[in-house]
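# Residue-level structure breakdown
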Amino acid sequence: MPLVAWLLYQDATGWWWAMSLGAVIASTDYVDGYLARKHGPTELGGLLDPIADKVFIALTYLPLCDLGFFPATAVALVFVRELVVTALRSAFYQRGMTMKTSYVAKAKTWSQMQGMMTLVVLALVDSRTFSVCALIGFTVGVVGIGVAVWVKRRRLWRPALFGAGFFGLGTVFYATLPLMDATRAALWMFVAVTVASGVDYLWAIPRLIRARAAQSGDIARMALALALPVLAVVILRDTEVAFGLVGAVVAIELTVGGLDNLLSHHGAQASGRSWGIHAVLVAGLLVLALCATSAGVATAAAIGATIASLAFAVREFWRGRAYYLTALD
């Protein structure tokens, strides 16, 4: 994924290579699912699968934001959702509570990955006719697959409805709007699905509060989840700090969130004090990077935030080593 991110900073040829490599990487998710079904999942597999998805999103959406292809507000909302839901999931685990994942949440990652690559390819071709024809073809294709599943198994295949809705709306956007406006409208459609996929967790917050009063660790997790995406996109937009540092912090914090979910599930989460120090240190250094008047100071602060994130991630990964090879509950 760092190679994909680097390719996005090259010319149009680099974008084509980035999308081709990204498609190969995204397809490995199906291989992972096949192996898990065949051999049985483990805690480590259950940890790495969502982390890999989120790192994929971080190292594609953030460069596209930095380059002005995706609007900063939309990208910030995507990562606010990811980090807030991850923080809430840890809070639920710590209280012995669970949340059933909705179909929208399961389809969310697919829409983020496939949608992003589709938007980039359509922008590279830069043809309304091609865009509309391609999206009509995708719509007809997923509907055809849905009909085939119904004929063979007599059941509704929900991905067909989901995909038809996405590609159908995309067709409308590209048929009626200028190409760049159509791209942004389609992106906001993905953002809407991303945010909607976290609504179940937000509605459950009152139940979470009734279960036990808020702890310092909860507050630190949530504060960092809200602050980090905003700081990241503003730093990319308004400073000369290299994407590599900002992207690394976001990707590492997404990894930390996954580790925290696993440890919280086993009642082995880090203390509230540790989380508080971590949140203040990372967010504080990023604020310094944003406010620094010197490019050297801003870069040094961003490097410090990256090191702080990485150190905490390594610590949490090492603390959870006893759980990785056990069977997934």
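This paragraph deals with the overall build of the protein. Assigned secondary structure in the protein consists of 14 helices and 0 strands. What you see for the protein is a C-alpha radius of gyration of 20 Å, in line with the 20 Å of a compact globule of 329 residues. By its C-alpha atoms, the protein is 55 × 55 × 35 Å across when sized along the principal axes. The 329 residues of the protein split such that 47% are buried. Partitioning the contacts of the protein with sequence separation of at least 6, the portion at a separation of at least 24 is 82%. For the protein, the exposed area adds up to about 15,700 Å²; of that, 69% sits on carbon and sulfur atoms. On the protein, the mean spot of the 25 positive side-chain charges and the mean spot of the 18 negative ones are 11 Å from each other.

Tracing the chain through its elements places T13 in helix α2 (residues 12–39). For T13, a relative accessible area of 46% translates into the label partly exposed. For the pair formed by T13 and L124, sequence separation is 111 residues and the distance between their alpha carbons is 9.4 Å.

Turning to the environment of A134, a few remarks are in order. Within the secondary structure, A134 is located in helix α6 (residues 128–153). What makes A134 buried here is its relative accessible area of 18%. The spatial distance from the C-alpha of A134 to the C-alpha of L122 is 8.8 Å, given a sequence separation of 12 residues.

Our next topic: the side chain of T183. By the secondary structure assignment, T183 is in helix α8 (residues 179–196). Judged by its relative accessible area of 3%, T183 is buried. Not counting chain neighbours up to four residues away, the residues in contact with T183 comprise F69, L119 and Y174.

The next point concerns a nonpolar patch on the surface. On the surface, a cluster of nonpolar side chains totalling about 580 Å² of accessible area is made up of V143, V147, W150, V151, L156 and L161. Along the chain, the position of V151 falls in helix α6.

In the structure shown here, the tally under the stated rule is 7 salt bridges. Residues E316 and R315 are paired through a salt bridge, measuring 2.9 Å at the closest nitrogen-oxygen approach. Judged by relative accessible area, which is 37%, R315 ranks as partly exposed.

Turning our eyes to something else, we now look at the state of the cysteines. A full pass over the atoms with the stated rule returns 0 disulfides. The thiol of C65 is not disulfide-bonded; the next cysteine sulfur, from C291, is found 18 Å away.

With that settled, consider unusual backbone geometry. The backbone of D126 sits at a positive phi, close to 55 degrees, despite the residue not being glycine. Residue placement: D126 occurs in the loop between α5 (103–125) and α6.

Rules behind the numbers
- Note on numbering: residues in each chain are counted from 1, in written sequence order.
- Restriction of local features to residues with pLDDT of at least 70 applies here, the model being predicted, together with a cutoff of 80 or more for giving and counting side-chain atom pairs; totals for whole chains, interfaces and linings are based on all residues.
- Note that water and hydrogens are dropped before the side-chain values are worked out from all heavy atoms of the structure.
- Segments assigned H or I by DSSP are reported as helices when at least four residues long, segments assigned E as strands when at least two residues long, and all are numbered from the N terminus.
- Here the globule rule reads 2.2 Å times residues to the power 0.38, and the radius of gyration is calculated from C-alpha atoms.
- We call a residue buried when its accessible area falls under 20% of the maximum for its residue type, exposed when it is over 50%, and partly exposed in between, using a 1.4 Å probe and counting protein chains only.
- We call two residues in contact when some of their heavy atoms are within 4.5 Å.
- We get accessible surface area from the Shrake-Rupley algorithm with a probe of 1.4 Å; when it comes to residues, only the shown protein chains can shield them.
- The charged-residue count follows a simple rule in which Lys and Arg add positive charge and Asp and Glu add negative charge, with His and chain termini not counted at all.
- Think of each charge as sitting on NZ of Lys, CZ of Arg, CG of Asp or CD of Glu.
- Like charges are joined within 9 Å and nonpolar side chains (Val, Leu, Ile, Met, Phe, Trp, Tyr) within 5 Å, but only among residues with over 30% relative accessible area and no salt bridge; these make up the patches.
- Should a side-chain nitrogen of Lys or Arg be within 4 Å of a carboxyl oxygen of Asp or Glu, the pair is scored as a salt bridge.
- For the purposes of this analysis, a disulfide is any pair of cysteine sulfur atoms at a distance within 2.5 Å.

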